[in-house]
Amino acid sequence: MRIVGRALHGRLGGAIYAEWPDGRQAVVTRFLGSLAEAKRTADVLAYVRDRGLPVPRHDLVVDLNDGVMFVQERLPSAPPRRLTPARIDAMVEINDRFAGALAARPGVPVRLLCLDCGSDPCSRHEVLATHSPRSRYALDEILRIGRREPCEMLGDDLVHVDLTAANVLFDENDRATGVVDWNLGASRGDRLFALIQTRIDREWFVQSPDADPVENAAAAHLDEILADRIAPATLRMYWAHWLLRQLCWAVRSAPSNVVDWHLDMAESRLV
C-alpha cells in the first residue's frame, strides 16, 4: 500500500488517502477508542454494507503504538461545498436509511446518554458548576432533564455520532451518496439523535462574523425538521446530552465568545 494524498477535511485534520497494490483506493483514519471497539465497529459496518447501506468497507483494523487505525475503502464523492436546505434534506434522507438496520443485531450496544453524574466519566459537571452562573444554570437544566427522562435511547437504528457535513459524501447532483468517518464507533439507538450533532456543527457557520445567508437558512431548516420529527421531551433530552459535551469542551478550550454562544444555545434549547 502506498500513500497518495491527504484529505482536507475531517475530525483529525484530514484522513490519509492510500492505494492498494491492485489499484483499489483506500482511506486511513484513526479510531478514537479501543481495538475491541474498532473491530466491533468494522463488523457492524460490514454487516450493514452487505445489506445495501451507504457506508465504506473497512478492510483492516490495525493496532499501532500510538493508537488504532482503520484502513477502509474510499467512496467516490464531489468536493465538499456549503450546506443548503436541499443538502440538509439529502443528509436527513441518507440518515433515514439507517432505520431498523440493527434489529437483527441485539449485541450492538445502545448509545448511552450522558446526563447524570453517574454516567459522566470526564468531570464535565464539575467544569460547568465552577465556571459561571450561566454554566451552572445550564448544568442544572441538564440534570433536571436527566432526572425527568430516561437516560437511554430507544430504537434499533444504526447511529452515527459524528454526523457532520464533512462526513456525508455528495455526488455532482447534490445527492448524498455515503456516510463516512465512523471513528467514534457505530451504535444502536435512534438515528435522529445524530442530527443534533449535525445542527451543532452548523452553529459555527451561523455565528460567523460574515455568516452566509444560505448556511443560516440550512440551519433554520434543520431546526424545523428536528422540531417536526422528534417529540419535545426527547428533543430536550438529546440536546442535553450533546450540550453537556459541547459546553464542557468550550469552557475548557475555546475563546470567550465561543463559550458565550454555546451558553446561548443551551439556554434556548434546554427550556
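Relevant structure appears above.
Here the structure is a predicted model, which means the values were calculated and not measured.

Asker: Hey, could you run me through the pattern of salt bridges in this one?
Answerer: Here the idea is simple: oppositely charged side chains can pair when their charged atoms come close. Applying the stated rule across the entire model yields 23 salt bridges. Here Arg57 makes a salt bridge to Asp59, at a shortest N to O gap of 2.7 Å. For Arg57, a relative accessible area of 28% puts it in the partly exposed group. A network of salt bridges, in which partner residues are shared, links Asp22, Arg24, Arg49, Arg57, Asp59 and Glu73.

Asker: Just to check I follow, could you spell out a nonpolar patch on the surface for this structure?
Answerer: A cluster of nonpolar side chains, contributed by Trp204, Phe205 and Trp249, occupies part of the molecular surface with about 310 Å² of accessible area. Along the polypeptide, Trp249 turns up in helix α7 (residues 232–253).

Asker: Could you clarify how one ought to interpret helix α4 (residues 133–148) in this entry?
Answerer: Think of an α-helix as 3.6 residues a turn; residues three or four steps apart then line up on the same face. Taking 1.5 Å of rise per residue, the 16 residues of α4 would be expected to cover 22 Å, and the 23 Å separating its terminal C-alpha atoms lies within 8% of that figure. Among the residues making up α4, those that are buried are Ser135, Ala138, Leu139, Glu141, Ile142, Leu143, Ile145 and Gly146.

Asker: Is there a simple way to think about the packing of aromatic side chains in this case?
Answerer: When we look at a pair of aromatic rings, we describe it by the centre distance and by the angle of the planes. Inspection of every chain in the model, using the stated rule, returns six aromatic pairs. Ring centres 5.7 Å apart and planes at 65° place the aromatic pair Phe98 and Trp182 in the edge-to-face group. Of this pair, Phe98 sits in the loop between α2 (85–96) and α3 (124–131) while Trp182 is found in the loop between β8 (176–179) and β9 (186–189), placing the two residues 84 residues apart along the sequence. Looking at Arg87, its charged tip hangs above the ring of Phe170, at a distance of 3.8 Å from the centre.

Asker: Would you mind going over the sheet that holds strand β5 (residues 67–73) with me for this structure?
Answerer: Across a sheet, paired strands are connected by hydrogen bonds in the backbone, their directions being either parallel or antiparallel. Reading across from one edge, β1-β2-β3-β5-β4 is the order of the five strands in this open sheet, with antiparallel pairing throughout. Each of the sheet's edge strands pairs with one partner strand only, and the pair in question is β1 (2–6) and β4 (58–64). Pairs of neighbouring strands in the sheet enclose a mean axial angle of 30°, with direction left out of account. Two elements, β1 and strand β2 (residues 16–19), share four bridges in a ladder whose sense is antiparallel. Bridge pairing in β2 places Gly5 opposite Tyr17. Along the sheet, helix α1 (residues 35–50) makes contact with β3 (25–31), β4 and β5, crossing β4 at roughly 175°.

Asker: Help me understand the packing of α4 against α7 in this model?
Answerer: Packed helix pairs are specified by the crossing angle of their axes together with the interaxial distance, meaning the distance between the axes. Interhelical geometry of α4 versus α7 gives an angle of 140° and a closest axis separation of 10 Å. As far as their axial angle goes, α7 and α4 are oblique. As for how α4 packs across α7, the hand of that crossing is left-handed. Touching Ala138, Leu139, Ile142, Ile145 and Arg148 of α4 are Arg236, Met237, Ala240, Leu244 and Leu247, all from α7. Here the residues of the contact of α4 with α7 are counted per class, giving eight nonpolar, no polar and two charged.

Reading the values: rules and limits
- Residues numbered from 1 in each chain as written.
- Predicted model: local features only at pLDDT ≥ 70, side-chain atom pairs only at ≥ 80, totals over all residues.
- Heavy atoms only, no water.
- Salt bridge = Lys/Arg side-chain N within 4 Å of Asp/Glu carboxyl O.
- Buried < 20%, exposed > 50% of the residue type's maximum accessible area, 1.4 Å probe, protein only.
- Patch = residues over 30% accessible without salt bridge, like charges linked within 9 Å, V, L, I, M, F, W, Y side chains within 5 Å.
- Areas by Shrake-Rupley, 256 points an atom, 1.4 Å probe, with all protein chains shown as cover.
- Helix = DSSP H or I, 4+ residues; strand = E, 2+ residues; numbered from the N terminus.
- Expected span 1.5 Å × (residues − 1).
- Phe/Tyr/Trp six-rings, centres within 6.5 Å; stacked < 30°, edge-to-face > 60°.
- Lys NZ or Arg CZ within 6 Å of the ring centre and 35° of its normal.
- Pairing = 2+ DSSP bridges.
- Axes fitted to C-alpha atoms, helices over the stretch in contact; angles between N-to-C directions.
- Contact = heavy atoms within 4.5 Å.
- Parallel < 35°, antiparallel > 145°, perpendicular 65-115°, else oblique.
- Left-handed = near helix turned anticlockwise from the far one by under 90°.
- Nonpolar A, V, L, I, M, F, W, Y, C, P; charged D, E, K, R; others polar.

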